[in-house]
Amino acid sequence: MKHQNITEACSSRLRIHLGAIRANYQAIAARVAPARSGAVVKANAYGLGVVRVAPALYREGCRHFFVAQLNEAVTLARAIGADATIFILNGIDPGSEADCAERGFIPVLNSHSQITRWRELARTKGKPLPAALQIDSGMSRLGLPPADAIALAQDPDLPREIDLTLLMTHLACSDEPEHPANRAQLDAFDAIRAHFPTVPASIANSGGTFLPGDFHCDIARPGVALYGVDLAPDVAGLRPVVELEARVVQIRDINAGIGVGYGLTYRAPAPRRLATIAIGYADGWPRSLSGVGAAWHRSVRLPIVGRVSMDSMTVDISALPTDALAEGNFVELLGPAQSLADVARDAGTIAYEILTQLGPRHARIIVDDDGVLEFTAPGERI
Ligand SMILES: *Cc1c(COP(=O)(O)O)cnc(C)c1O
C-alpha cells in the first residue's frame, strides 16, 4: 500500500487531527456567540497546512479568515468558497495594492501610508474600496493612534474612497485575563468605535475569547486555540491537534564518565542506556531543549542528554525495560504525555513558536474523526 510505505519511509511523523480543529472551532464559536468566530490561518495555518485546515473550518461555517500576507491570501482563496472574506493583517505592501483589490482581499490598514495608498487606488478606480482599519489601543505594534483614527472618521472624503468593513484592535496581554491592560485597551477601542457606529468590530484573539463577552464584539479572531493550545485549561477543554513521533536510530550502553553529544556537555554519572532519536533543530525541535526536554515512551519520560543536534538528539532510556524500545521504533515527542505547552516551557518559548516551526521534514498524516485523509511524504510541500 502506497500510503503505508510513505509513513514507513520516514524518520519522524506529524499527525494532524482535523476533527480536533473543527471541534475547537465550534467550541470557540459557541463561546463567543452571538458574535461570530473567524479563524486566523496565517503562516500556513500555524504550520499545519492551510489548504487542509481552511476548508475544514469553512465547512464548519467559518466565513472570516485572517492571514498576514498577500501570498498567504492567494493560497487560501483557492482552498475555500468565494463567499468567505479574507483579511490581510499586515495590510498592503507598496506596489501590491491593485493586485490585492482585484483579488477581492480586504487589507487591514494599519498606517497612514497604507491608508493613503489604498485611497489613491480608490480614486483611480472611482469607487470606494473595502478595507479593515486597525486601531492601536495600547500595544504599539500595528494600527493608527486613537486621535488619528478619530480624525479619519471625520474626513468627509473617506466614504467615497474606503468602504470600512471592520474596525479592529489587538490585545497585548489577552493570555493574562487579570491584566489591567485588557480593560484599558477595550475602553480605548470603545471610544474609537463610537466614531464608526455602523462598522463591525473585532478585538479577540484566542486569549480574548476567554475574556468577558464585551471583548467578543462582532467577530473573534482565534488562531492558536484552534490548533489545540489550551490557553485556559480549567474552562476551555480544547482538543489537542498535533502528535509528533520520531524514530530511534541507534541504541547504545555507555559507562560512567562517558560524554554525550557536541561539547560533551553531558557526562554519564553512572552506566546509562541511550537512544539517538531522528529529530533535531532542523526539524523545528529547538536546540534550547538540550539537557532540559524529553521524549516519552509508554508514559516513561526519557530525558534529553547533551545537546540537540541538527538532525538528531540523544535521550536516556535507562528507565525503560531493556526490550521496551528497539532501533527503528518511534518515541513520542508531542502527544498524550507531552503537550505543545510542555515543550514550549522546557524550551523557554511559547507554544506558537514550537507549532509554527514543525517544518516539511516530518511525514504528515492528516486525520479526521472518521479516518486518514492524506499523507504527505517528508520534504513535500505542505
Ligand atoms: C496572530 C493574530 C491573531 C491570532 O492570535 P492567537 O493568539 O493565535 O489567537 C489575531 N489577531 C491578530 C491581529 C494577529 O496578529
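Heads up: the structure comes first, above all this text.
Only a predicted model underlies this, so the values are computations on that prediction, with no experimental measurement involved.

Enquirer: Before we move on, could you go through the site of the ligand and cite the residues and values that matter?
Expert: Neighbouring residues of the ligand: 14 residues in total, closest Lys42, Tyr46, Ser206, Gly223 and Tyr352. Contact distances for the ligand include 2.5 Å between an oxygen atom and a side-chain N or O atom of Ser206. Contact between the ligand and Val224: an oxygen atom at 2.8 Å from a main-chain N or O atom of the residue. Across the complex, the protein chains shield 93% of the 390 Å² of accessible surface that the ligand would expose by itself.

Enquirer: Which residues make up the pairing of strand β7 (residues 129-134), and what values do they have?
Expert: Of all the six residues making up β7, five are buried; the element is thus mostly covered by neighbouring parts of the structure. With respect to chirality, the unit in which strand β6 (residues 106-109) leads through helix α7 (residues 112-125) into the neighbouring parallel β7 is right-handed. Relative to strand β8 (residues 162-168), β7 is paired through six bridges, and the arrangement is parallel. In the strand pairing of β8, Leu129 is matched with Ile162.

Enquirer: Account for the sheet that holds strand β3 (residues 39-40), with residues named and values stated.
Expert: Taken in spatial order, the seven strands make up an open sheet running β3-β4-β5-β6-β7-β8-β9, and their pairing is parallel. Edge positions in the open sheet fall to β3 and β9 (201-202), since each of these has one partner strand only. The pairing of strand β4 (residues 64-67) with strand β5 (residues 85-88) spans four bridges and is parallel. Its bridge partner lying in β5, Phe66 is registered against Phe87.

Enquirer: Residues and numbers for helix α10 (residues 180-193), please.
Expert: For α10, spanning 14 residues, the distance from its first C-alpha to its last is 20 Å, which sits close to the expected 20 Å at 1.5 Å a residue. What α10 keeps buried is the set Asn182, Gln185, Leu186, Phe189 and Ile192. One side of α10 carries all its buried residues, which in axial view fall inside an arc of 120 degrees.

Enquirer: Could you give an account of the environment of Ala220, with specific residues and numbers?
Expert: Within the fold, Ala220 resides in strand β10 (residues 219-220). In sequence terms Ala220 and Thr124 are 96 residues apart; their C-alpha atoms lie 33 Å from each other.

Enquirer: Quick rundown of the packing of helix α2 (residues 18-32) against helix α4 (residues 50-59)? Include the residues and the values.
Expert: Remark: α2 packs on α4, axes separated minimally by 10 Å, with the N-to-C direction vectors making an angle of 45 degrees. If you check the angle between α2 and α4, you find them oblique. As for how α2 packs across α4, the hand of that crossing is right-handed. The segment α2 lies against α4, with Leu18, Ile21, Arg22 and Tyr25 engaging Arg52, Val53, Ala56 and Leu57. Tallied by class, residues from the contact of α2 with α4 come to six nonpolar, no polar and two charged.

Enquirer: Give me the pattern of salt bridges: which residues, what numbers.
Expert: In the structure shown here, the tally under the stated rule is 22 salt bridges. Arg123 is paired through a salt bridge with Glu161; the nearest N and O atoms lie 3.2 Å apart. Here Arg123 is found in helix α7, whereas its partner Glu161 is found in helix α9 (residues 158-161), with 38 residues between them in sequence. With a shortest N-O distance of 3.0 Å, Asp253 and Arg273 are connected by a salt bridge. A residue pair is termed long-range when its members are at least 10 positions apart, and Asp253 in strand β11 (residues 242-254) and Arg273 in strand β14 (residues 272-277) qualify at 20 residues. Where salt bridges share partners, they join Arg119, Arg123, Asp155 and Glu161 into one cluster.

Enquirer: Would you mind going over α7 in detail, with residue names and values included?
Expert: Counted at 1.5 Å a residue, the expected span for α7 with its 14 residues is 20 Å, and the 20 Å between its end C-alpha atoms agrees. Listed in full, the buried residues belonging to α7 are Gln114, Ile115, Arg117, Trp118, Arg119, Leu121 and Ala122. As for α7, its buried residues are in contact with α6 (97-102), β6, β7, α8 (146-153), α9 and β8. Two residues or fewer after α7 comes Gly126, characterised by a positive phi angle close to 70 degrees.

Enquirer: Would you mind going over the packing of aromatic side chains in detail, with residue names and values included?
Expert: This model, assessed by the stated rule, comprises three aromatic pairs. Ring geometry for Tyr46 against Tyr227: centres 4.8 Å apart, planes inclined by 40 degrees, an arrangement best described as tilted. Of this pair, Tyr46 sits in helix α3 (residues 42-46) while Tyr227 sits in the loop between β10 and β11; the two residues are 181 residues apart in sequence, bridging distant segments of the chain. A relative accessible area of 0% places Tyr227 in the buried class.

Enquirer: Could you give an account of the side chain of Asp283, with specific residues and numbers?
Expert: Looking at the secondary structure, you find Asp283 in the loop between β14 and β15 (294-297). The exposure class of Asp283 is buried, given its relative accessible area of 5%. A polar contact is formed between the side chain of Asp283 and the side chain of Arg361, at a distance of 3.2 Å. Ignoring anything within four residues of it in the chain, the contact list for Asp283 reads Met310, Asp311, Gln357, Leu358, Gly359, Arg361 and His362.

Calculation rules
Residues numbered from 1 in each chain as written. Predicted model: local features only at pLDDT ≥ 70, side-chain atom pairs only at ≥ 80, totals over all residues. Heavy atoms only, no water. Near = heavy atom within 4 Å. Polar contact = N/O pair within 3.5 Å; in protein donor to acceptor, adjacent residues only side chain to side chain. Areas by Shrake-Rupley, 256 points an atom, 1.4 Å probe, with all protein chains shown as cover. Buried < 20%, exposed > 50% of the residue type's maximum accessible area, 1.4 Å probe, protein only. Helix = DSSP H or I, 4+ residues; strand = E, 2+ residues; numbered from the N terminus. Right-handed = clockwise from strand over helix to strand, strands pointing away. Pairing = 2+ DSSP bridges. Expected span 1.5 Å × (residues − 1). Arc of directions from axis to C-beta. Axes fitted to C-alpha atoms, helices over the stretch in contact; angles between N-to-C directions. Parallel < 35°, antiparallel > 145°, perpendicular 65-115°, else oblique. Left-handed = near helix turned anticlockwise from the far one by under 90°. Contact = heavy atoms within 4.5 Å. Nonpolar A, V, L, I, M, F, W, Y, C, P; charged D, E, K, R; others polar. Salt bridge = Lys/Arg side-chain N within 4 Å of Asp/Glu carboxyl O. Phe/Tyr/Trp six-rings, centres within 6.5 Å; stacked < 30°, edge-to-face > 60°.

Purely geometric numbers; function is a separate question.
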